[in-house]
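Geometric and topological summary
Here is how the chains run, residue by residue.
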Amino acid sequence: KPPDHIVISEVLYDPSGNPDTGKEWIELHNPTARAVDISGWSLGDAAADGEPGSGRYLFPAGTVLQPVGVIVIAQQAADVAFTPNFEFLTDPNRDNLTVPNMLPAATWDVFGLALSNAGDHVILRDAAGQVVDVVVWGGSSYPGTLPHPGVSMSDHSLERRPAYKDTNDCAADFVDRTPPTPGKVP
């Protein structure tokens, strides 16, 4: 049975390059039969406000995820080989004006979004701040969610398969995917 909530369906956290800054991206999928207004929802790797080196960003007003639809949020639109739906805009001097920007949800020091290759998590929260979905990999942890061991090499993504599976065991819900498929669910 598909979940009745939006899920994180794919994450590219270890793109090739050194540094790989700007090339990371996150895909969300709506497995339901109804459109969901995600205005004010947040996405990021900060488990708590003020967490150094972590960030949480808000979807702008008017953001709706269509039934069985997907959206992709890139760290920096200029650095990926496709046009994402949104960008976190890690470098404001390289803003792609055709791609809407996510809005920082806080202003703590060392704020940003850079996913650790060795282990991290991505958290999707609704507008009230309640956790909707989490993906965890490597040496990271998050209460109530078991981690995936991580991808085998750069340019592989973690892909939820099937896209509607959500058991809170990322090793069971996600596969090591190559090539990544931003904007497409299996």
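Shown above is the structure to which this text applies.
Residues numbered from 1 in each chain as written. Predicted model: local features only at pLDDT ≥ 70, side-chain atom pairs only at ≥ 80, totals over all residues. Heavy atoms only, no water.

**As for the overall build of the protein**
Assigned secondary structure in the protein consists of one helix and 13 strands. Along the protein, from the amino end to the carboxyl end, the secondary structure elements read β-β-β-β-β-β-β-β-β-β-β-β-α-β. Projecting the C-alpha coordinates of the protein onto the three principal axes gives extents of approximately 45 × 35 × 30 Å. By the burial criterion, 47% of the 186 residues in the protein qualify as buried. When contacts within the protein are restricted to residue pairs at least 6 apart in sequence, those whose partners lie at least 24 apart make up 55%. About 8,300 Å² of surface is accessible on the protein, with carbon and sulfur atoms providing 54% of the total. (Helix = DSSP H or I, 4+ residues; strand = E, 2+ residues; numbered from the N terminus. Buried < 20%, exposed > 50% of the residue type's maximum accessible area, 1.4 Å probe, protein only. Contact = heavy atoms within 4.5 Å. Areas by Shrake-Rupley, 256 points an atom, 1.4 Å probe, with all protein chains shown as cover.)

**Some points on the pattern of salt bridges**
Opposite charge on two side chains lets them pair, provided their charged atoms get close. One pass over the structure, following the stated rule, counts seven salt bridges. Across the pair Arg161 and Glu159 runs a salt bridge, and its minimum N-O distance is 2.6 Å. Across the salt bridge formed by Glu159 and Arg177, the nearest N and O atoms sit 3.6 Å from each other. With Glu159 in strand E12 (residues 157-160) and Arg177 in strand E13 (residues 174-177), this pair connects stretches of sequence that are 18 residues apart. You can call Glu159 buried: its relative accessible area is 2%. Given the relative accessible area of 21%, Arg177 is considered partly exposed. (Salt bridge = Lys/Arg side-chain N within 4 Å of Asp/Glu carboxyl O.)

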